[in-house]
Amino acid sequence: MKKLQDRVALVTGGADGIGAAACAAMAGAGASVVVTDIDLGRAQALADSLGNNASAAVMDVREEDAWRTVLGQVMEKYGRLDILVNNAGGAGAGNIEEISFDDFRQSIRLNLESVFIGSKLAIELMKGRGGNIINVSSIHGIRAAAHAASYTAAKSGVRYLSKSIALHCAQNGYGIRCNSIHPGYILTTQMQAWVDRQDDPEAMMAGLVAQHPIGFLGLPEDIGAGILFLASDDSRFMTGTELVMDGGFTLI
Ligand SMILES: NC(=O)c1ccc[n+]([C@@H]2O[C@H](COP(=O)([O-])OP(=O)(O)OC[C@H]3O[C@@H](n4cnc5c(N)ncnc54)[C@H](O)[C@@H]3O)[C@@H](O)[C@H]2O)c1
């Protein structure tokens, strides 16, 4: 039997990058995967490529109503939700002096409030039968980045919100685990495009690699494998913890 046979998983921001790799890894392990994204076209294309047990839905993680609609559709179609991967998010640039209050709030809304809404609603569906929540944080949820005040605040918030959720669910006997995952710099299509736009892409890439003692950047599939591990019973004794996959970034 495959590791996620008969499980239903929902991934946010699933059309690209780490989210897409998580969708592929979990579908390969037998899960029915709901690929959600603000870009329905790309989410649908990925779901089609994953086969019959994948479907797509449009969802902006910042909108509580959108969450309620999509989770309603999932319950109608599958009658259950076993795994939620809160992946959608994005880096907000600017140190504390540069960033405006409005931009700070937007970043917290995208990266932290979305995880709060999704987790809260998923627990309602999971409690009683059990479930698994995986929150994609960042190395900057562990080691602060001066140039990204809002992102550091949001991702460290995700890290500790995950622990609070884990403790609450464990103490109430819900059978719901919750963990955070902390990727180093991952060579997604978006990341490569950003590097290519710099004045000196080679120097930029070398600078990024130099921050990772292992000597290379991770790939989306590396984090997809970590998410699959957290989603499966291989990690059944883990809750409220942090899976750091960063090539040693946080060691230096
Ligand atoms: N790439 C990295 O180096 C890296 C490192 C650490 C953490 N992360 C985190 O991993 C997660 C995924 O990052 P990625 O680099 O794979 O991203 P990506 O830009 O490659 O893909 C993000 C996906 O999310 C979707 N999206 C954007 N805003 C959305 C919204 N409001 N609602 C729903 N979907 C939305 C996009 O359409 C896109 O398909 C993010 O939370 C990011 O902060 C990324």
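Scoring rules and cut-offs
Residues numbered from 1 in each chain as written. Predicted model: local features only at pLDDT ≥ 70, side-chain atom pairs only at ≥ 80, totals over all residues. Heavy atoms only, no water. Near = heavy atom within 4 Å. Polar contact = N/O pair within 3.5 Å; in protein donor to acceptor, adjacent residues only side chain to side chain. Helix = DSSP H or I, 4+ residues; strand = E, 2+ residues; numbered from the N terminus. Nonpolar A, V, L, I, M, F, W, Y, C, P; charged D, E, K, R; others polar. Pairing = 2+ DSSP bridges. Axes fitted to C-alpha atoms, helices over the stretch in contact; angles between N-to-C directions. Contact = heavy atoms within 4.5 Å. Phe/Tyr/Trp six-rings, centres within 6.5 Å; stacked < 30°, edge-to-face > 60°. Lys NZ or Arg CZ within 6 Å of the ring centre and 35° of its normal. Salt bridge = Lys/Arg side-chain N within 4 Å of Asp/Glu carboxyl O. Buried < 20%, exposed > 50% of the residue type's maximum accessible area, 1.4 Å probe, protein only. Expected span 1.5 Å × (residues − 1). Bend = angle between axes of the 7 residues up to and from the residue. Core = buried A, V, L, I, M, F, W, Y, C linked by side-chain atoms within 4.5 Å. Right-handed = clockwise from strand over helix to strand, strands pointing away.

Enquirer: Please clarify how the site of the ligand should be interpreted in this entry.
Expert: Taken together, 29 residues are adjacent to the ligand, and Ile18, Asp37, Asn87, Tyr151 and Ile186 come closest. In this structure, an oxygen atom belonging to the ligand sits 2.6 Å away from a side-chain N or O atom of aspartate 37. Within the side chain of aspartate 60, a nitrogen or oxygen atom sits 3.0 Å from a nitrogen atom of the ligand. Among the secondary structure elements, those contributing two or more residues to the shell around the ligand are helix H1 (17–28), helix H5 (149–171) and helix H6 (189–197). A class-by-class count of the residues in the shell around the ligand yields 13 nonpolar, ten polar and six charged.

Enquirer: Can you help me understand the sheet that holds strand S4 (residues 83–86) in this one?
Expert: The strands that make up a sheet are held in pairs by hydrogen bonds between backbone atoms, and each pair lies either parallel or antiparallel. The sheet built from seven strands is open, its strands ordered S3-S2-S1-S4-S5-S6-S7 with parallel pairing. Edge positions in the open sheet fall to strand S3 (54–58) and strand S7 (242–245), since each of these has one partner strand only. Neighbouring strand axes in the sheet, compared pairwise and without regard to direction, differ in orientation by 20° on average. Bridge analysis of S4 against strand S5 (residues 131–136) gives four bridges, and the strand direction is parallel. Its bridge partner lying in S5, isoleucine 83 is registered against asparagine 132. Across the face of the sheet, helix H2 (residues 40–50) comes into contact with strand S2 (32–37) and S3 while running at roughly 175° to S3.

Enquirer: Sorry, what's going on with the packing of aromatic side chains here?
Expert: Each pair of aromatic rings is reported with the distance of its centres and the angle of its planes. One pass over the full model with this rule turns up one aromatic pair. Ring plane angle 40° and centroid distance 5.9 Å describe the contact between tyrosine 185 and phenylalanine 249, whose orientation is recorded as tilted. With tyrosine 185 in the loop between strand S6 (176–183) and H6 and phenylalanine 249 in the segment after S7, this pair connects stretches of sequence that are 64 residues apart. One cation-aromatic arrangement involves arginine 105 over phenylalanine 101; the distance from NZ or CZ to the ring centre is 3.9 Å.

Enquirer: What am I meant to see in the pattern of salt bridges here?
Expert: A side chain of one charge can pair with a side chain of the opposite charge when the charged atoms of the two come close. Inspection of the entire model under this criterion finds ten salt bridges. Residues arginine 7 and aspartate 233 are paired through a salt bridge, measuring 2.9 Å at the closest nitrogen-oxygen approach. Remark: aspartate 233 occurs in the loop between helix H8 (220–231) and S7 and arginine 7 occurs in the segment before strand S1 (8–11); sequence separation between them is 226 residues. For the salt bridge of aspartate 16 with arginine 42, the shortest nitrogen-to-oxygen distance reads 3.1 Å. Placement of the pair is aspartate 16 in the loop between S1 and H1 and arginine 42 in helix H2, with a sequence separation of 26 residues. Its relative accessible area of 37% is what places arginine 42 among the partly exposed residues.

Enquirer: What exactly am I supposed to notice about helix H4 (residues 101–126) here?
Expert: It helps to recall that an α-helix has 3.6 residues per turn; residues three or four apart then point in one direction. End to end, H4 covers 36 Å across 26 residues, agreeing with the expected 38 Å (1.5 Å per residue, within 8%). At arginine 109, H4 shows its maximal kink, close to 40°.

Enquirer: Would you mind going over the nonpolar core with me for this structure?
Expert: The tendency in soluble globular proteins is for nonpolar side chains to be buried side by side. The biggest cluster of nonpolar side chains holds 30 residues, and the ones touching the most others in it are Met26 and Ile227. Sort the elements by how many residues they give to this core and H1 lands first, with six residues. When neighbours within four sequence positions are excluded, isoleucine 227 is seen to be in contact with Ile18, Ala22, Val85, Ile134, Val136 and Ile181. Core analysis: the next-biggest nonpolar cluster, separate from the first, contains 25 residues, Val8, Ala57, Leu71 and Val74 among them.

Enquirer: Even after reading the chapter, I still don't get the environment of tyrosine 185, so can you show me in this structure?
Expert: Residue classification places tyrosine 185 among the buried residues on the basis of a relative accessible area of 18%. Residues within four places of tyrosine 185 in sequence aside, it is in contact with Ile139, His140, His147, Met191, Leu208, His212, Leu217, Gly218 and Phe249.

Enquirer: Help me out: how do you make sense of the pairing of S1 in this one?
Expert: Along any regular strand, the residues point their side chains to alternate faces of the sheet. Of the two faces of S1, the one carrying Val8 and Leu10 and the one carrying Ala9 and Val11 are both buried. Across four bridges, S1 lies against S2 in parallel orientation. The residue of S2 that forms the bridge with leucine 10 is valine 34. In this view, the connection linking S1 to its parallel neighbour S2 by way of H1 has right-handed handedness.

Enquirer: What's the story with the environment of glutamate 242 in this structure? I'm lost.
Expert: For glutamate 242, the location among the structural elements is in strand S7. On the basis of relative accessibility, which here comes to 23%, the residue glutamate 242 falls in the partly exposed class. Considered as a pair, glutamate 242 and asparagine 135 are 107 residues apart in the sequence and their alpha carbons are 9.6 Å apart. Here arginine 159 takes part through its side chain, which lies 3.0 Å from a polar atom of the side chain of glutamate 242. There is a polar contact of 2.6 Å between the side chain of glutamate 242 and the side chain of lysine 163.

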